[in-house]
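This is what each chain is made of:
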Amino acid sequence: MTFSGFYKKTREERITILKEAGLLSQESASSLINKELLNVDIAGQMVENHLSLFALPYSILPQIMVNNKTYSVPMVTEEPSVVAAASNASKIVMQSGGFTSQILKREMIGQVALYDVEDMELATKSIDLKKDYLLQVANAAHPSILKRGGGAREISWEIKSESGLDFLVVYLSVDVQEAMGANILNNMLEALKAILEELTSATALMAILSNHATNSLVRASCKIEVGTLDTDLEQARKIARKIEVASIFAKADIYRAATHNKGIFNGIDAILIASGNDWRAIEAAGHSYAAKDGKYKGLSTWIYDKENDILHGELTLPMPVASVGGSIGLNPSVKICHEILGKPKAKELAAIITSLGLAQNLAALKALVSKGIQAGHMKLQAKSLALLAGAKTDQVEEVADKLRQAKHMNLETAQKILIEV
Ligand code: HMG
């Protein structure tokens, strides 16, 4: 099925298309049409000092191909042009066979930090000798994960020194299966804390999951036939080379790296929110991974192979997402997101999300090194400006059209146009 021009349909037509494509049940389609949201009483049980509900636009990237399978991806974002950009780049990459994504590992790491260690050598030897026992203690603290095929896998330690203090840090790596794993890890680590204190004759400072999730890495890559980047092949080649240079620049300059990675997270955050995942955790994981070499760098790499006219893209980052737990079973919009995606398991979801991040990066870089970001972004921003100026929904298109032709596209111009309309 082709989704070309999907964005020109009405909201109701889009929902019908998804239903006819078998991605939405009748019940979920009606729920979207009727804008059914999280029940307010359930919301009140989820958080503290609750007042009401907070709304954001719930959109769809019509088609992205990952590991030879196509997905429609729900995206929650307030920012104009993010969904259009992701759709645009996914369409380009699909012409060259889509994205390939590999799960490099899927375990979560937690740590018990010890200090005031009486004898570091003795303490570390004691940990090494008792590794099997410590793993058993960890597993006994959260036995349900063993039944699901997961459990504590590895114990290691490192000595870290700062401001005259020596820390003995004990790391636990756990296979958390479909969960994000924070509760599993924290239960296990808290069970280990007192035992480690005794074993090492040290003081335990804290026991907590780490969001520097280096045992949960996912790689997405794509090979784009350069001719698909522009109708003019020479122009397409220039764009490919500039995208390569832009990815090198994002590794050279921290000011650029932060923006480059923000662009990647435009897409990643949008699906994380839609799928009920903890986007703060994934943001923290992505940014700490970007600084893993001691310097904060752009997360993606683009290489232009001139001989074969292929642009290679790659994005590797931690993606410890969940397909169960948290708010996933409580929020109807989140349930619909998983339904539209075909109820993927955590690893498949991580592959889709990482590919979307790379698509989002491609769209931004392609725009930046060719027409500039404002052409596409501001074209779509015009509607938000029209609304901000006070345009009614039936006036938005007309005001936005005039605004796009105006010399200065800003709120003041939008307000002037609205008076004329
Ligand atoms: P275009 O070339 O004018 O688009 O791009 P087109 O009309 O040729 O359409 C191509 C495809 O784009 C369409 O295929 C759609 O998939 C999609 P079709 O359906 O026609 O077969 N598309 C749309 N989808 C939904 N709604 C729309 C729409 N228009 C096109 N209205 C486009 C226009 C905006 C897509 C392009 O200029 C673009 O990708 N720009 C990048 C914009 C961007 O990255 N925005 C993110 C916000 S800016 C930011 O925060 C990040 C940044 O700072 C990061 C960084 O610096 O790295 C930039």
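The structure displayed is predicted, hence computed values, not measured ones.

Draft legend 1. Broad picture of the site of the ligand. Taken together, 26 residues lie around the ligand, and Ser4, Gly5, Ser81, Lys91 and Lys262 are the ones closest in. Separating an oxygen atom of the ligand from a backbone N or O atom of Gly5 is a distance of 2.7 Å. Contact between the ligand and Arg256: an oxygen atom at 2.8 Å from a side-chain N or O atom of the residue. For the ligand, whose accessible area on its own is 1,100 Å², the fraction buried by protein is 79%. Mapped onto the shell around the ligand, the elements with two or more residues apiece are α4 (82-94), α10 (254-274), α13 (346-369) and α14 (373-388).

Draft legend 2. Seen up close, helix α2 (residues 26-33). Taken together, the buried positions of α2 are Ser28, Ala29, Ser31 and Leu32. Buried residues of α2, seen end-on, are gathered within an arc of 160° and therefore sit on one face of the element. The secondary structure elements touched by the buried residues of α2 are α1 (11-20), β1 (58-66) and α12 (332-340). Looking one or two residues past α2, Lys35 carries a phi angle of roughly 55°, positive in sign.

Draft legend 3. Spatial organisation of the sheet that holds strand β6 (residues 165-175). With antiparallel pairing, the 4 strands of this open sheet are ordered in space as β5-β6-β4-β7. With partners counted over all chains shown, the strands left at the sheet margins are β5 (151-162) and β7 (203-209), one partner each. For this sheet, the mean inter-axis angle between neighbouring strands, taken without regard to orientation, is 20°. Bridge analysis of β5 against β6 gives 11 bridges, and the strand direction is antiparallel. Paired with Glu158 across the two strands is Val169, which belongs to β6. This element, helix α5 (residues 120-129), spans β5 and β6 of the sheet and lies at about 10° to β6. Lying over the sheet, helix α6 (residues 131-141) contacts β5 and β6, oriented at roughly 115° with respect to β5.

Definitions and cut-offs
Residues numbered from 1 in each chain as written. Predicted model: local features only at pLDDT ≥ 70, side-chain atom pairs only at ≥ 80, totals over all residues. Heavy atoms only, no water. Near = heavy atom within 4 Å. Polar contact = N/O pair within 3.5 Å; in protein donor to acceptor, adjacent residues only side chain to side chain. Areas by Shrake-Rupley, 256 points an atom, 1.4 Å probe, with all protein chains shown as cover. Helix = DSSP H or I, 4+ residues; strand = E, 2+ residues; numbered from the N terminus. Buried < 20%, exposed > 50% of the residue type's maximum accessible area, 1.4 Å probe, protein only. Arc of directions from axis to C-beta. Contact = heavy atoms within 4.5 Å. Pairing = 2+ DSSP bridges. Axes fitted to C-alpha atoms, helices over the stretch in contact; angles between N-to-C directions.

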